[in-house]
Amino acid sequence: MAHDCVIVGAGPAGMAAALTLADHGVRPLVLDRAARPGGQIYRAASASPLPDRSVLGADYAAGAELITAYTASGADHRAEADVWHVGADGKILFSTDGGTCQAEAREILLCPGALERPMPIPGWTLPGVMTAGAAQVMLKSDAVVAEGAVFAGSGPLLYLIVAQYLRLGVKVAALVDTTPRDNYLRAAPLLAGALRVPSMLTKGLSLLHEIRQAGIPVFRWASDLQVLGQDRARGLRFVTPKGAQEIAADTVFLHHGVTPNPNMTRALGVQHDWNPDQLCWHVRRDPFGQSTLAHVSVAGDGGAIVGAEGAQCEGRLAALNMLCRLGRIDRATRDHLARADLTRLKRLAGVRRFIDRLYRPQAALRVPQCPDTLVCRCEERSLGDLRAGFDAGARDPNALKSLTRCGMGPCQGRQCGPIVSQLLADWRDEPVSEVGYYRLRSPQRLLSLQELSRFNRVHPAPEEAQ
Amino acid sequence: MNADVLIIGGGIQGCATAYHLARAGASVILLEKDYIARHASGVNAGGVRLLGRDMAEVPLSRAAIQMWQELDDTLQGDTGFRPTGLINIAVDQADLDKLHARQNLMQAAGYTHEHIIDRDELLARLPHVNPACVGGVRSDLDGHAIPYKATNAFRLAAERHGARVLDSCELHALRRVGTRWLADSTAGRIEAATMVNCAGAWADRIALMIGDNVPLSHAAPMLMITARMPQFAGPVVGAVSRQFSFKQFENGTVLIGGGAKGFADRANNATRLDYAKLAEAARTTVEFFPIMARAAINRMWAGLEAYMPDNLPVIGPAVNAERAFHAFGFSAHGFQMGPVVGQVMADLVLTGRTDFDLTPFRIDRYDRKVL
Ligand SMILES: Cc1cc2nc3c(=O)[nH]c(=O)nc-3n(C[C@H](O)[C@H](O)[C@H](O)COP(=O)(O)OP(=O)(O)OC[C@H]3O[C@@H](n4cnc5c(N)ncnc54)[C@H](O)[C@@H]3O)c2cc1C
Ligand SMILES: Cc1cc2nc3c(=O)[nH]c(=O)nc-3n(C[C@H](O)[C@H](O)[C@H](O)COP(=O)(O)OP(=O)(O)OC[C@H]3O[C@@H](n4cnc5c(N)ncnc54)[C@H](O)[C@@H]3O)c2cc1C
């Protein structure tokens, strides 16, 4: 299969890019591991299992329109196509129907979206502890909820899922907000920039209002979180300015922001830069999303956190640039068509800066504080194990991985990667940018040996006549 | 900075050399451009194999296998070594013939560590092997270790004896002035009386700096490791004539090697994988061990390894410079030899001689005498 363009990920970024490409006569191959297009925010928006999907909010409903347009665009969408390798040579390997297929592309657009930032508090790996995003995935895909759960952390997504639960009449034990008081002061100077997109702010405020109106216990300025329970979660302990608190609950949902999913872009070897505002690695890109490998572009939350609307702007921009590179439009046309999205992105960036500052996660919640708290869930390596490895001379994330096995498990370091880089930065007293990140490789996830053994090199089809 | 001995390269050869020298009282500086065990020595298959060695290597490899049995104690560290034994599988009569021919050679040389086994014994030792296999050969002293840990254990022991190990420190230039080696490195000027080149896949560049030419090449052998599986294989497994090798660790993960090569990008310190070849290795694995069809591959990688045309290393003094020694070109089986190579290099540096015959490993064995 030889294609002008292959897009990985059919979230807002990938879908918007496909629409723009289709407008100019390029039919992309779009690969997504999910059963339906939509990505995180619009997961299952075209076929919601919920009797009334309006509880998920107006944004979610709007997603259905985007999906409809995308579906009609003629993009070659492959559902349940799990990409396990993207090569610098333009070859993409993906699993589908139990076998591996190879696609080849002149231009590649990666839109793998975000991951939730891990919150390695004591007990975070107990059964019954999940991320708020997982709560949302269960809700959106399977209409499953957890009664009487505690939600802890900070940031818009946390408040959104709480509000969604409350709209459904699901009992919520408490919202434990870890946003530090200082953040409000620090974010204040950025408020003016955020006000340039007032709708975003009102959306956020109305969520918080909705939660307060519902009358569930809300604890603010929480710190020192700890999941209670021995073999499974029994509740959450934390400290507020009013003293120590304990809340019993069988389910604890944690969330303090999202970061780009680094695995595909890392394995590909494009450049990344540490972003101290978002406390995560960004893919180095030009304004059109082109990475340090010219034929690979990245759009949406997989490159830097921009949100659903920003993801669509970036998707369209990347598409315009790829059209230009493919010779379908000239540079002047690209630049002309790009103007609106570039302007919009600039405005959205003002809001983003404000949100990033306001919901900047506490340092003490980003790395474990107790020696026996696990960092690597797959290989069960604790903070103490890592410190011992560091003391035995492993100062680099990869050396530490080789020595302690931290990050060697099936999640490919998705969970522990950011924690390890931060820990080493603290221990070495150097910036995270100096410490770097795991050297990652394909496959992106466990790959069956049987499937691999059946893989044969697929020779590219003859060029389609233009 | 000054030292008696300057070692280039923080792989297992460099670290073992540093250990043996420092233990003997020499002052040692070791330079590693990345971090210790970043390359072949930290990412290899961990095979500690005496079985099937080239005849020229057997004496060194035999000495090494003895050292491995006590290495944790010697180094007061954890190398992860497990003497599980090793079996090479014979798939047909031709393989068995090969084994018997080798047996004769080995016996003539007085070596008794390789034992030919029949099909029944093979099936008894490896119940999950494809029953079509006809026999094999085993060696009981062999096993596996954890490459990074083993290399780092040498490094830590060397440091305990006073060696200075500098990582993120690259040797840029080297020249001899009078009786001293002057080195320019990331950490500045270093002076030493003696230089040891353990620079792995980059060793030809170091050799060139001191006037020794060598037909070294490099390649990127690939490995893959599975998620945990129920224990089904104790010994390390290889094959007499097929590209196939695997071992199951105590935690249940299975490491699959076999020698398939990816793409080596030495200039960028990087390797790329060849998935079609890995697929071939997956096929062979499932063919030999049908139980592996259930395995899930967790990670795949490759490392940069130095190769000589005859697959034998270079070990010994430089030919065009004074007080310079080489140990490199291990051609994908140098991890096992690390402990003894360190000893040999230390002996050469300190006494100018060694108990082993190094003739097959001379750096100038490919020099053309005629055009
Ligand atoms: C768990 C979670 C829930 C979220 N919920 C919301 C929400 O409700 N509202 C909101 O405003 N924002 C939400 N976000 C933030 C969200 O990331 C953005 O709003 C938006 O969805 C980003 O769009 P995107 O196109 O960049 O990525 P995404 O929407 O995340 O789309 C990425 C797509 O790539 C696919 N993909 C990834 N890797 C592979 C692979 N290897 N092979 C094949 N396909 C792959 C995924 O299946 C997915 O469909 C959520 C984020 C997370 C992590
Ligand atoms: C995938 C793979 C599997 C293998 N499996 C096995 C096995 O099962 N059993 C076995 O016995 N062997 C195996 N080997 C071979 C074994 O790993 C090597 O032979 C051995 O590790 C070589 O050690 P070394 O110290 O010579 O080289 P290396 O480990 O490569 O060390 C050389 C070091 O020198 C450094 N260096 C280079 N130039 C400079 C400079 N200018 N300044 C400073 N530093 C420099 C490099 O950065 C490097 O770290 C395998 C190799 C690979 C790649």
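Because the structure is predicted, anything quoted here is derived from the model rather than measured.

1. Comments concerning the site of ligand 2
Residue and element names in this part refer to chain B.
Phase 1: The full set close to ligand 2 counts 35 residues, and E32, S41, G47, E305 and Q336 are the nearest of them.
Phase 2: Separating an oxygen atom of ligand 2 from a backbone N or O atom of G11 is a distance of 3.5 Å.
Phase 3: Here an oxygen atom of ligand 2 sits 3.0 Å away from a polar atom, N or O, in the main chain of G334.
Phase 4: Expressed as a share of its isolated accessible area of 1,000 Å², the protein-covered part of ligand 2 is 96%.
Phase 5: Here the residues of the shell around ligand 2 are counted per class, giving 16 nonpolar, 14 polar and five charged.

2. Things to note about the domain arrangement of chain B
Residue and element names in this part refer to chain B.
Phase 1: Along its sequence, chain B is carved into domain 1 (2–65 + 147–214 + 310–361) and domain 2 (86–140 + 221–302).
Phase 2: Each of domain 1 and domain 2 has a C-alpha centre, and these two points are 29 Å apart.
Phase 3: The largest share of the area that domain 1 buries against domain 2 comes from A45, L51 and M55, three residues that together contribute 39% of it.
Phase 4: Counting the contacts that link domain 1 with domain 2 gives one salt bridge.

3. What about the interface of chain A and chain B?
Phase 1: The interface of chain A with chain B comprises 35 residues on the first partner and 35 residues on the second.
Phase 2: At the boundary of chain A and chain B, one finds one salt bridge.
Phase 3: With its nearest N and O atoms 2.8 Å apart, the salt bridge here joins E379(A) to R228(B).
Phase 4: Summed over the shared surface of chain A and chain B, the number is twelve residue pairs in polar contact (both at pLDDT 80 or more).
Phase 5: Contributions of two or more residues to the side of chain A that touches chain B are made by β4 (82–86), α13 (397–404), β22 (447–448) and α16 (449–454) of chain A.
Phase 6: At five residues, the largest contribution of residues to the side of chain A that touches chain B is made by α16(A).
Phase 7: For the side of chain A that touches chain B, the residue count by class is 15 nonpolar, eleven polar and nine charged.
Phase 8: Pairing of β22(A) with strand β19 (residues 296–302) of chain B involves two bridges; the strand directions are antiparallel.

4. Some points on the sheet that holds strand β12 (residues 223–228) of chain A
Residues and elements named next belong to chain A.
Phase 1: In spatial order, the strands read β12-β13-β14; together these three strands make up an open sheet with antiparallel pairing. At either margin of the open sheet sits one strand with a lone partner, and together these are β12 and β14 (243–248). Here the average twist between neighbouring strands, direction ignored, is 15°.
Phase 2: For β12 and strand β13 (residues 235–240), the ladder comprises four bridges, and the chain directions are antiparallel. Bridge assignment links S223 to a residue of β13, and that residue is V239.

About the criteria used
- Residues numbered from 1 in each chain as written.
- Chains lettered and ligands numbered in written order.
- Predicted model: local features only at pLDDT ≥ 70, side-chain atom pairs only at ≥ 80, totals over all residues.
- Heavy atoms only, no water.
- Near = heavy atom within 4 Å.
- Polar contact = N/O pair within 3.5 Å; in protein donor to acceptor, adjacent residues only side chain to side chain.
- Areas by Shrake-Rupley, 256 points an atom, 1.4 Å probe, with all protein chains shown as cover.
- Nonpolar A, V, L, I, M, F, W, Y, C, P; charged D, E, K, R; others polar.
- Domains from an automatic or database assignment.
- Buried area = accessible area lost by both parts, 1.4 Å probe.
- Salt bridge = Lys/Arg side-chain N within 4 Å of Asp/Glu carboxyl O.
- Contact = heavy atoms within 4.5 Å.
- Helix = DSSP H or I, 4+ residues; strand = E, 2+ residues; numbered from the N terminus.
- Pairing = 2+ DSSP bridges.
- Axes fitted to C-alpha atoms, helices over the stretch in contact; angles between N-to-C directions.

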